[in-house]
Amino acid sequence: MHWLRTLAAASIAGLLYACTTPPVMAPAPPAPPVEQRAPVTILIGIDGFRPDYLDRGVTPVLSQLAAQGVRATMRPSFPTKTFPNFYTLVTGKRPDRHGIVGNRFEDPARPGERFTLASDQPYWWDQAEPLWTAAEKAGVQTAVMFWPGSGVEIGGTRPHDWQAFGMAVSGRQRVDAIIDWLRRPAATRPKLLGLYFDTVDTAGHHHGPHDPGTNAAVAEVDALIGRLTSELAALGQPANLVFVADHGMAAVDESRRIQLDTIAAASDFRTVEEGPYAAIEPQPGREAALAAALLKPHPNMECWRRADVPARLHYGRNPRTPSFLCLARIGWTITTRPAREPLRPGGAHGYDPAAPEMAALFLAHGPAFASGVTLPPFDNIHVAPLLRRLAGVPQAQAVDGDAAMLAPALKR
Ligand code: AMP
Ligand code: ZN
Ligand code: ZN
């Protein structure tokens, strides 16, 4: 039995050895080299985001990016509406020059037609070259998630990647689209990207700028930016992030209503746009009567003929601008709707760009940007030239803005 005991002991010893000694393995293959990604530029438009929304204690992500980057109160262009300003932000031209002179407008060269948010014929957009068109022409690949105009073939070109606008596409899906585009191999990966969120504007209209409902929408977008930055970090993708809003938001209500058809005879005019400003066309043969009614002083609004719009508004040279422009005092609404239909309390924009309520967010963060800087207020025409400089896109057309104005935003 001795030999049996010896054999058992040897087996247990062998087993113990196998458990405690690492197996002999072939040498591990060398780890694939970690790709050093070059920084990309991402322009993020948050519709209707006032700069003071950053100071409400509901934006931990954006506030931290601001503390580590650059922040400013940006002056929008007139009219302080969505499409004119988002197009200024990517062209560097004021609305009067880029041709998207409102969310709704007419063109004497296209009688019977009207531009609306759904107008995707290049004709309307062709008076300026957006950033993505210039970039594609220069060989810089672009991908844009919902910027106004990004689905239109402007100058014969669209962004390399784009999607037809749909409000039902969630913020999370929008962020994930950007990340998916950046997962591509370097050769087919975009270098300049655009991303757009509409929910802060929608909440601002619905609740007004000072309501918890609007703060909740702001907090939601902040969380989406948190998702974007953590996914970028997980990819090892450095990015210069430029956050912009198109305009701010002012509180409005029924008590501040300007009933246009009690000022001028309803049979003398028609309106193309109503609200914080009115775009007004005379009925045939009624121009003199309309001018007499509109061009006198009014307590809460001021009206001009196209040619006499004050220079500070940079508006009225484009034939698409209205024959008569009336601009309400902040918080007031110009309307022809019947008195039995009261205005819903909430928020609106379209007022004078100099009004503090119309100010728009500017925030930039990334390897190209200075840290902990607050810039003095500046006009939104300078953003597109800055983005061209960041993304290495040449400036082919003369524009209103100048990248030098934002040089203090850049790391020395
Ligand atoms: P506004 O009337 O100036 O407040 O316009 C804001 C609205 O424009 C948002 O609520 C969106 O629904 C809409 N919008 C934004 N981008 C686009 C787009 N690319 N195409 C169509 N509508 C858009
Ligand atoms: Zn807007
Ligand atoms: Zn709006």
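A quick note: this is a predicted structure, and the numbers were derived from the prediction, not measured. (Residues numbered from 1 in each chain as written. Chains lettered and ligands numbered in written order. Predicted model: local features only at pLDDT ≥ 70, side-chain atom pairs only at ≥ 80, totals over all residues. Heavy atoms only, no water.)

**Q** Is there a simple way to think about the overall build of the protein in this case?
**A** Tallying secondary structure elements over the protein gives eleven helices and 17 strands in all. Computed over the C-alpha atoms, the radius of gyration of the protein is 28 Å, more than 25% above the 22 Å expected from 2.2 N^0.38 for a compact globule of 412 residues. Along the first, second and third principal axes, the C-alpha atoms of the protein reach 125 × 45 × 40 Å. Expressed as a percentage of the 412 residues in the protein, the buried residues total 53%. For the protein, restricting intrachain contacts to residue pairs at least 6 apart in sequence, the fraction spanning at least 24 positions comes to 71%. A total of about 18,400 Å² of accessible surface is found on the protein, and carbon and sulfur atoms cover 58% of it. Charge centroids of the protein, computed over 40 positive and 39 negative side chains, lie 4 Å from each other. (Helix = DSSP H or I, 4+ residues; strand = E, 2+ residues; numbered from the N terminus. Rg over C-alpha atoms; globule rule 2.2 N^0.38 Å. Buried < 20%, exposed > 50% of the residue type's maximum accessible area, 1.4 Å probe, protein only. Contact = heavy atoms within 4.5 Å. Areas by Shrake-Rupley, 256 points an atom, 1.4 Å probe, with all protein chains shown as cover. Lys, Arg positive; Asp, Glu negative; His and termini not counted. Charge placed at Lys NZ, Arg CZ, Asp CG, Glu CD.)

**Q** When you look at the state of the cysteines in this model, what are you seeing that I'm missing?
**A** Covalent bonding between the sulfur atoms of two cysteines defines a disulfide. Tallied over the entire structure, the rule returns one disulfide. Bridging Cys303 to Cys326, the disulfide has an S-S length of 2.1 Å. Across the S-S bond of Cys303 and Cys326 the torsion is about 110 degrees, and the bridge reads as right-handed. On the criterion of sequence distance, the pair formed by Cys303 in strand 11 (residues 301-305) and Cys326 in strand 12 (residues 324-328) is long-range, its members being 23 residues apart. (Disulfide = S-S within 2.5 Å.)

**Q** I'm lost on the domain arrangement of the protein in this one. Help?
**A** Interfaces are often described in size by the accessible area the parts lose on coming together. Split by domain assignment, the protein resolves into domain 1 (40-251 + 352-409) and domain 2 (256-344). Contacts between the two partners involve 27 residues from domain 1, matched on the other side by 23 residues from domain 2. At the junction of domain 1 with domain 2, the criterion picks out five salt bridges. Across the domain 1-domain 2 interface, the total number found is 15 residue pairs in polar contact (both at pLDDT 80 or more). (Domains from an automatic or database assignment. Salt bridge = Lys/Arg side-chain N within 4 Å of Asp/Glu carboxyl O. Polar contact = N/O pair within 3.5 Å; in protein donor to acceptor, adjacent residues only side chain to side chain.)

**Q** Whenever I open this one, helix 9 (residues 212-235) confuses me. Can you help?
**A** An α-helix turns once per 3.6 residues; consequently, residues spaced three or four apart project the same way. Its 24 residues place the ends of helix 9 35 Å apart at the C-alpha level, agreeing with the 34 Å of an ideal helix rising 1.5 Å per residue. Here helix 9 has its buried residues at Thr214, Ala217, Val218, Val221, Asp222, Leu224, Ile225, Gly226, Leu228 and Leu232. Packing partners of the buried residues in helix 9 comprise strand 1 (40-46), helix 2 (60-68), helix 7 (171-182), strand 5 (192-197), helix 8 (199-207) and strand 6 (239-244). For helix 9, the capping residue at the N-terminal end is Asp211, with a side-chain oxygen 2.7 Å from the backbone nitrogen of Gly213. Where helix 9 terminates, the next one or two residues include Gly236, which has phi positive at roughly 70 degrees. (Expected span 1.5 Å × (residues − 1).)

**Q** How should the site of ligand 1 be read in this particular structure?
**A** In the region of ligand 1, 14 residues are neighbours, and Thr82, Asn103, Tyr196, Asp201 and His349 sit closest. Contacts to ligand 1 include Thr82, whose side-chain N or O atom sits 2.5 Å from an oxygen atom. In the model, an oxygen atom of ligand 1 is placed 3.1 Å from a nitrogen or oxygen of the His205 side chain. Protein contact buries 80% of the 510 Å² of open area that ligand 1 shows by itself. Elements represented by at least two residues in the shell around ligand 1 include exactly helix 3 (82-91) and helix 8. In terms of residue count, helix 8 provides more of the shell around ligand 1 than any other element does, three residues in total. Here the residues of the shell around ligand 1 sort into seven nonpolar, five polar and two charged. (Near = heavy atom within 4 Å. Nonpolar A, V, L, I, M, F, W, Y, C, P; charged D, E, K, R; others polar.)

**Q** Can you help me understand the sheet that holds strand 10 (residues 277-282) in this one?
**A** In sheet architecture, strand pairing relies on hydrogen bonds along the backbone and comes in two forms, parallel and antiparallel. One open sheet accounts for four strands, arranged 9-10-12-11; its pairing is antiparallel. Two strands in the sheet have a free side with no partner beyond their single neighbour: strand 9 (269-273) and strand 11. The mean inter-strand angle of the sheet, taken between neighbouring strand axes irrespective of direction, is 25 degrees. As judged from the four bridges shared by strand 10 and strand 12, these two strands associate in the antiparallel manner. Bridge pairing links Tyr277 to Leu327 in strand 12. (Pairing = 2+ DSSP bridges. Axes fitted to C-alpha atoms, helices over the stretch in contact; angles between N-to-C directions.)

**Q** What should I look at first to understand the packing of aromatic side chains in this one?
**A** Between two aromatic rings, the relevant description is the distance of the centres plus the angle of the planes. If you walk through the whole model with that rule in mind, you get 16 aromatic pairs. Each ring, one from Phe78 and one from Tyr315, has its centre 5.0 Å from the other, and the planes form 85 degrees; the classification is edge-to-face. Of the two residues, Phe78 is situated in the loop between strand 2 (70-75) and helix 3 and Tyr315 in the loop between strand 11 and strand 12; the sequence distance between them amounts to 237 residues. This pair shows no difference in class: Phe78 is buried, exactly as Tyr315 is. An angle of 65 degrees between the planes, with centres 5.8 Å apart, marks the rings of Phe115 and Trp124 as edge-to-face. Taken together through their ring pairs, the aromatic side chains of Phe83, Tyr87, Phe105, Phe115, Tyr123, Trp124 and Trp125 make up a single cluster. In this arrangement the basic side chain of Arg110 is found over the ring face of Tyr123, its NZ or CZ atom lying 4.0 Å from the centre. Directly above the aromatic system of Trp124 lies the positively charged group of Arg110, at a separation of 5.9 Å from the ring centroid. (Phe/Tyr/Trp six-rings, centres within 6.5 Å; stacked < 30°, edge-to-face > 60°. Lys NZ or Arg CZ within 6 Å of the ring centre and 35° of its normal.)

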